[in-house]
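Coordinates in review
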Amino acid sequence: MRGFITPERLERIKAVLSRRQKDVTLVMDNIWDPHNVSAILRSCDAFGLHRVHLYYTTEKWPDLGKKSSASAKKWVERVRHDDPAEMLDGFQKAGVQVIRTGFSETAKPLHAFDFTIPTAVILSNEHRGAAPELVEQVAEELYIPMQGMVQSLNVSVAAAVILYEMFSQRRRAGLLDTPAFSPEELEALTQEWSDR
């Protein structure tokens, strides 16, 4: 570990890592507003996601500032993609169900999905929706049921709602009671986080 770390800080790091979920994730599909990306990262950290995926083919890579993310980018691993087939193949090989957000007639409500199994949810672009190449390859689609006149949420708010449903299902299933990482992985991550 670099420098000195207080026992309290070390215990906090260990406690957070013990609840990190490594088999659920979000994919940001060309999310154009860096403030939204930062806010999504903050929610990912709050709900215990270890890693997110950023799929960027049409939008500029987001410049992640510190203000809205509250340094969450330090604590959530980010994986960059520009090849849809490679990204989706990686999920398939890992046994991960992939779901995209949208409003088509075949979309199912958020609560209809089982998030206790390995899952990646693709958050669609704020203006254009899901990238056509992802729509072609990802059949499962979810929407967030709403009661008002407005039929969509800001993408960062939608991410938080989806993450809360994931978190709630996993908590009820007891998946947060034991670490998702092996003791060796936890030790390596503790060392890495202690240096941040």
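These numbers come from a predicted model, not from an experiment.

Bringing the overall build of the protein chain into the picture now. Regarding its fold elements, the protein chain presents 6 helices and 7 strands. When the helices and strands of the protein chain are read in sequence order from the N terminus, they spell out α-β-α-β-β-α-β-β-β-α-β-α-α. A compact globule built from 196 residues would reach a C-alpha radius of gyration of about 16 Å, and the protein chain, at 17 Å, matches this within 12%. With the C-alpha coordinates of the protein chain rotated into their principal frame, the extents come out at 55 × 35 × 35 Å. Relative to its 196 residues, the protein chain shows a buried fraction of 43%. In the protein chain, the share of contacts with a sequence separation of at least 24, taken over all contacts with a separation of at least 6, comes to 81%.

Here the focus is the packing of aromatic side chains. According to the stated counting rule, one finds 6 aromatic pairs in the structure shown. Here the aromatic rings of Trp 75 and Trp 193 are separated by 4.9 Å at their centres, their planes lie at 55 degrees, and the arrangement is tilted. With a gap of 118 residues between them, Trp 75 in the loop between β2 (51-55) and β3 (77-81) and Trp 193 in helix α6 (residues 183-194) connect regions that are remote in the sequence. When sorted by exposure, Trp 75 lands in the same class as Trp 193, which is buried. Between Phe 113 and Phe 115, the ring centres sit 6.4 Å apart and the planes meet at 35 degrees, which makes this aromatic pair tilted. By the burial criterion, Phe 113 is buried, and Phe 115 matches it. Members of the aromatic cluster, each reached through a chain of ring pairs, are Phe 47, Tyr 164 and Phe 167. When the ring centre of Trp 61 is taken as origin, the NZ or CZ atom of Arg 80, which lies over that ring, is 4.0 Å away.

Conventions used here
Residues numbered from 1 in each chain as written. Predicted model: local features only at pLDDT ≥ 70, side-chain atom pairs only at ≥ 80, totals over all residues. Heavy atoms only, no water. Helix = DSSP H or I, 4+ residues; strand = E, 2+ residues; numbered from the N terminus. Rg over C-alpha atoms; globule rule 2.2 N^0.38 Å. Buried < 20%, exposed > 50% of the residue type's maximum accessible area, 1.4 Å probe, protein only. Contact = heavy atoms within 4.5 Å. Phe/Tyr/Trp six-rings, centres within 6.5 Å; stacked < 30°, edge-to-face > 60°. Lys NZ or Arg CZ within 6 Å of the ring centre and 35° of its normal.

Read these as layout, nothing more, since geometry by itself doesn't imply function.
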